[in-house]
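Secondary and tertiary structure notes
Below, each chain spelled out in residue letters.
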Amino acid sequence: MSDLAMTEKPEPAADPLDALVQGGGDGYKYGFVTDIEADEAPPGLDEGTVRFISAKKGEPAWLLDWRLKAFHRWQRMSPPDWAKLNIASIDYQASTYYSAPKTGTGPKSLDEVDPELLKTYEKLGIPLGERAALAGVAVDAVFDSVSVATTYKDKLADLGIIFCSFGEAVREHPDLVRRYLGSVVPQGDNFFAALNSAVFSDGSFVYVPPGVRCPMELSTYFRINAAKTGQFERTLLIADKGAYVSYLEGCTAPQRDENQLHAAVVELVALEDAEIKYATVQNWYPGDENGKGGIYNFVTKRGACRGARAKISWAQVETGSAITWKYPSCLLEGDGSVGAFYSVAITNNLQQADTGTKMIHIGRDTSSTVISKGISAGRGQNTYRGQVKVMPKADGARNYTQCDSLLIGKKCGAHTVPYIEVRHPGAKVEHEATTSKISEDQMFYCQARGLTQEDALSLIVNGFCKEVLKELPMEFAVEAQKLLAVSLEGSVG
Amino acid sequence: MSKLLEIRDLRARIVGGRDILKGIDLDVAPGEVHAIMGPNGAGKSTLSSVLAGKPGYEVTGGSVLYQGRDLLALPADERAREGIFLAFQYPVEIPGVNNMYFLRAALNAGRRQRGAPELDASQFLKAVRDKLKLLDISDDLLRRAVNVGFSGGEKKRNEIFQMAMLEPKLAILDETDSGLDIDALRVVSDGVNRLRDANRAIILITHYQRLLDYIVPDHVHVLSEGRIVASGDKTFAAELERTGYAHLGTAA
């Protein structure tokens, strides 16, 4: 077991600024590797791999067929090249597509979970078990490819809420899975979504029944542990009529010299009057300061507002990964439905991010809000790419987009690429964009009040991101602020 | 009386430029209020910047001792935590950062340096209320982002409020009177006067004698072409008002 850069995770601090102060330290804090025997598929990808994964998971024939169909589509597709990203070509035959901690069949309770795993989660500060009760968070932790433990299931079950691993949902709630799987992100949507559809190993499933307000934040924590393993989790979240759910997702990975692929698919379905809030703090290993290693985060996230007055809101804080390619989007199908996207993306050193959203206005009186804050430091390249599309029948559609970029230093870049496509004469679409640099005057003003250079930078950056950070649930907001501070270490002075 | 600040033959310039300060000597003891006056371009703002540690300036000679320590060796943030406060001529806007939050961060940074316990939210709030009352400032400034959208007068009041909260040993007020109308000047001056204390020294940097009608200094110095060319007691300011700077000429 090698604790590469692990330090004790500081206690959550009440004051977010204290958190910033404590956040200072030594680089990537989550870069430890857990030594666990893993049950792996042989490297490489062919039809046999897909069958292996499906068999390992004991899946029904319909799902195997679904996977194979996706696989055959994927074989005919090529990776997207339109993003402003410099990606070394990926050898899909060198990766391992399934890695499960060896514990036989899935654990029934926390007691059955490998203690090494639990220790890992402790290091990550994930509130499992009793700690979950204190924090009021139900956690579905996905370690490499298998969902390890889902806390709080019983309490949620009393309300009729289903929150379980994807694999379990396939066994226990096949009708729901079958009805909605691929209904928001079709198999052939893009190269990475097709790949995921073929080889996804596990993930989370949530169903909130009509009229139920989920009383706690649901949370998934993803971690890539095994070397040379891709992680392809799949999240499917359905809020039935009038339901409400808030969902959090956190991600870390060990420090490794080679790049690792993370190609997830998240599908959200909000029916009439339902509301879904989906928050992500993405802190995959970004690679070292010379750009060696790091996660390729190629993720497809999309939500469909299927019913009238449905609401979907995405909030993301993207600090990690060598390359981020991610556009959480909303299909505003129902009349009066509402979509929102709040994003903070940081690139430092040689990190690259091409991220944004798509807001597709289909129904009448649909509205969407996009607030994007991009921060570039070091030699980082940060692109906002967003599409606002108003379809011919979307009477009264409105969109407001605000893209702000902050530059730290002289070698980084910020790019804004909005696509606005309006096919309705009455649509109201606003786009505002700013690019600014942290001024020496701001830094000096903070320092003249006693704040260190790091604290001053954190303060200014957090102020810049405030409109987004306030959309995050409290416990995530604190972690996000810490991550902002850590991500920008060494970028001034 | 022991000195708080001892400036000896201080020479400084903007990096790469010519010397602006050409040999400043000044002693400041706790409790004293010194006014430094002089025409534009005399080096007043350079002096305050160098004392506060603003980047972009370099010291080319002389020394500054603060509480017996070499001040010039300390970075700006450490000087602040050690009790030096610069009230900015042009306070800087920090969008998205709540004024209260900023102030608490600054206050606790100083307390940590002194080994004092940090103030929690309720202790901090109490301290804020006490100071607001002392300075007769309304609390609407506190809810807004640091200096964002503040009028000129509000910015200056906010500086004095920060000074009250941070309780510096040495406060340098850089042209705090500039751009203020007479009412705002009175409010700000009253605030400063209430913060006069036997343990606190204040350096007022100003272009106009008018400020000294409201804040009466113990010592008045005239800065011209990078040197202090004349000093006197509080009556000296009134004399300058009559005679102007011109007859003092430039230093030999």
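Check the entry above for the structure.
Below: a short report on this structure. From a predicted model like this one, the values you see are computed outputs, not experimental measurements.

Right, let's talk about the overall build of chain A for a bit. Regarding its fold elements, chain A presents 13 helices and 23 strands. Burial statistics for chain A: of 493 residues in total, 61% are counted as buried. Sequence-distant contacts, at least 24 apart, represent 83% of the contacts inside chain A between residues at least 6 apart. Approximately 18200 Å² of chain A is accessible, and the part contributed by carbon and sulfur atoms is 49%.

A few words on the overall build of chain B. Across its full length, chain B holds eight helices and 12 strands. In summary, chain B has a C-alpha radius of gyration of 18 Å against a globular reference of 18 Å for 252 residues, a match within 12%. Projected onto its principal axes, the C-alpha positions of chain B cover 55 × 40 × 35 Å. Expressed as a percentage of its 252 residues, the buried residues of chain B come to 51%. Within chain B, counting contacts between residues at least 6 apart in sequence, those at least 24 apart form 69% of the total. Summed over all atoms, the accessible surface of chain B reaches about 10800 Å², with 49% contributed by carbon and sulfur. Taking the average location of the 33 positive side-chain charges in chain B and that of its 34 negative ones, the two points are 3 Å from each other.

Bringing the packing of aromatic side chains into the picture now. Residues and elements named next belong to chain A. For the structure on display, the rule yields 16 aromatic pairs over all chains. Ring centres of F166 and F200 lie 5.2 Å apart, and the angle between their planes is 80 degrees; on these two criteria the pair is classed as edge-to-face. On the criterion of sequence distance, the pair formed by F166 in helix 7 (residues 166-172) and F200 in the loop between helix 9 (191-199) and strand 6 (203-208) is long-range, its members being 34 residues apart. F200 carries the same exposure label as F166, and that label is buried. Ring plane angle 20 degrees and centroid distance 5.5 Å describe the contact between Y296 and F298, whose orientation is recorded as stacked. Its relative accessible area of 8% is what places Y296 among the buried residues. Among the aromatic residues, those joined into a cluster by ring pairs are F71, W74, F191, F192, Y296, F298, W325 and Y327. Its end group placed over the ring of F200, R234 keeps NZ or CZ at 5.7 Å from the ring centre.

Residue and element names in this part refer to chain A. Along the chain, S343 falls in strand 17 (residues 338-347). Taking the relative accessible area as the measure of exposure, S343 reaches 2% and is therefore buried. Looking at S343, its side chain comes within polar contact range of the side chain of Q316, at 2.9 Å. Once residues within four sequence positions are removed from consideration, S343 is found in contact with Q316, I371, S372, K373 and V468.

We now examine the sheet that holds strand 4 (residues 57-66) of chain B. Each strand in a sheet pairs with another by means of backbone hydrogen bonds, the pair being arranged parallel or else antiparallel. Residues and elements named next belong to chain B. Read across the sheet, four strands follow the order 2-1-4-5 without closing on themselves; strand pairing throughout is antiparallel. Of all the strands in the sheet, the pair left with one neighbour each is strand 2 (19-28) and strand 5 (69-70). Bridge count for strand 1 (residues 5-14) against strand 2 is seven bridges, and the pairing is antiparallel. Within strand 2, the residue paired with I7 across the bridge is L26. Across the sheet, helix 1 (residues 44-52) touches strand 1, strand 2 and strand 4, and the angle it forms with strand 1 is around 110 degrees.

Let's shift gears to the nonpolar core. Ranked by size, the top nonpolar core spans 73 residues in total, and within it I375 and V461 of chain A together with I203 of chain B carry the most contacts. For this core, the leading source of residues is helix 11 (residues 453-464) of chain A, giving six residues. Leave out the neighbours within four places in its chain, and I375 of chain A touches V344, A345, I346, T347, N382, L406, I408, V461, F464, C465 and L488 of chain A. Core analysis: the next-biggest nonpolar cluster, separate from the first, contains 51 residues, A169, V170, W325 and Y327 of chain A among them.

Rules of the game
- Residues numbered from 1 in each chain as written.
- Chains lettered and ligands numbered in written order.
- Predicted model: local features only at pLDDT ≥ 70, side-chain atom pairs only at ≥ 80, totals over all residues.
- Heavy atoms only, no water.
- Helix = DSSP H or I, 4+ residues; strand = E, 2+ residues; numbered from the N terminus.
- Buried < 20%, exposed > 50% of the residue type's maximum accessible area, 1.4 Å probe, protein only.
- Contact = heavy atoms within 4.5 Å.
- Areas by Shrake-Rupley, 256 points an atom, 1.4 Å probe, with all protein chains shown as cover.
- Rg over C-alpha atoms; globule rule 2.2 N^0.38 Å.
- Lys, Arg positive; Asp, Glu negative; His and termini not counted.
- Charge placed at Lys NZ, Arg CZ, Asp CG, Glu CD.
- Phe/Tyr/Trp six-rings, centres within 6.5 Å; stacked < 30°, edge-to-face > 60°.
- Lys NZ or Arg CZ within 6 Å of the ring centre and 35° of its normal.
- Polar contact = N/O pair within 3.5 Å; in protein donor to acceptor, adjacent residues only side chain to side chain.
- Pairing = 2+ DSSP bridges.
- Axes fitted to C-alpha atoms, helices over the stretch in contact; angles between N-to-C directions.
- Core = buried A, V, L, I, M, F, W, Y, C linked by side-chain atoms within 4.5 Å.

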